[in-house]
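Listed below are the residues making up each chain.
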Amino acid sequence: MNHILERIGEIDESLNVPFEEYSGNKDKQAALFAHLVIIGEAAGRLSRELRDKYSEVSWKNAVGPRNILVHDYVRVDYEVLWETAMNDLPVLKKQIQKILEDISEK
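Residues numbered from 1 in each chain as written. Predicted model: local features only at pLDDT ≥ 70, side-chain atom pairs only at ≥ 80, totals over all residues. Heavy atoms only, no water.

A. Summary view of the pattern of salt bridges. Summed over the entire model, instances satisfying the criterion amount to six salt bridges. Measuring nitrogen to oxygen at the nearest pair gives 3.4 Å for the salt bridge that ties K93 to D12. In this pair, K93 sits in helix 6 (residues 78-105) while D12 sits in helix 1 (residues 2-14), placing the two residues 81 residues apart along the sequence. When the shortest N-O distance is used, the salt bridge between R66 and E41 registers 2.8 Å. With R66 in helix 5 (residues 59-71) and E41 in helix 3 (residues 26-44), this pair connects stretches of sequence that are 25 residues apart. A relative accessible area of 18% places R66 in the buried class. Because the salt bridges share partners, they merge into one network encompassing E41, R45 and R66. (Salt bridge = Lys/Arg side-chain N within 4 Å of Asp/Glu carboxyl O. Helix = DSSP H or I, 4+ residues; strand = E, 2+ residues; numbered from the N terminus. Buried < 20%, exposed > 50% of the residue type's maximum accessible area, 1.4 Å probe, protein only.)

This is the structure we're talking about:
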């Protein structure tokens, strides 16, 4: 789960720009693409037990984009990736932080 938080942190740092700058910057788009693939891969490798225990996390939404990015990359909509980074990742970050806190308290 630390990989997920690290990637979200990288995304936060690299996307601290207006959408217009992101949309015109292939490096920022490629970085977001790569980070989302890693997030999906890391989430997919978590145990079924952990994912079941923390079912409030939308694991399907964390893993699903990875499959699309890797297998159907020619149809990637970089505006959708931006929206995911801006809207969904902050929620996932808080959820992962809470899980890590729960685990460390045990």
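B. Fine view of the side chain of R66. Side chain to side chain, R66 and E41 meet in a polar contact 2.8 Å long. Setting aside anything within four residues of it in sequence, one finds R66 in contact with L36, V37, G40, E41 and H71. (Polar contact = N/O pair within 3.5 Å; in protein donor to acceptor, adjacent residues only side chain to side chain. Contact = heavy atoms within 4.5 Å.)

C. Looking closely at the packing of helix 3 against helix 5. Helix 5 packs onto helix 3 with a crossing angle of 125° between their chain directions and a minimal axis gap of 8 Å. If you check the angle between helix 3 and helix 5, you find them oblique. Classified by chirality, the crossing of helix 5 by helix 3 is left-handed. Between helix 3, through F33, L36, V37, I39, G40, E41, A43 and G44, and helix 5, the contact on the second element is made entirely by W59, A62, V63, R66, L69 and V70. (Axes fitted to C-alpha atoms, helices over the stretch in contact; angles between N-to-C directions. Parallel < 35°, antiparallel > 145°, perpendicular 65-115°, else oblique. Left-handed = near helix turned anticlockwise from the far one by under 90°.)

D. Structural context of the packing of aromatic side chains. Under the definition given, this model contains three aromatic pairs. Their ring planes at 45° and their centres at 5.9 Å tell us that F19 and Y22 sit as a pair that is tilted. Taken together, the positions of F19 and Y22, both in helix 2 (residues 19-23) and three residues apart, correspond to about one turn of that helix. Assessed through its relative accessible area of 27%, F19 is described here as partly exposed. Here Y22 falls in the buried class, since its relative accessible area comes to 0%. (Phe/Tyr/Trp six-rings, centres within 6.5 Å; stacked < 30°, edge-to-face > 60°.)

E. Representation of the environment of V70 within the structure. Note on placement: V70 falls in helix 5. Counting along the chain gives 11 residues from V70 to W59, while the straight-line C-alpha distance between them is 17 Å.

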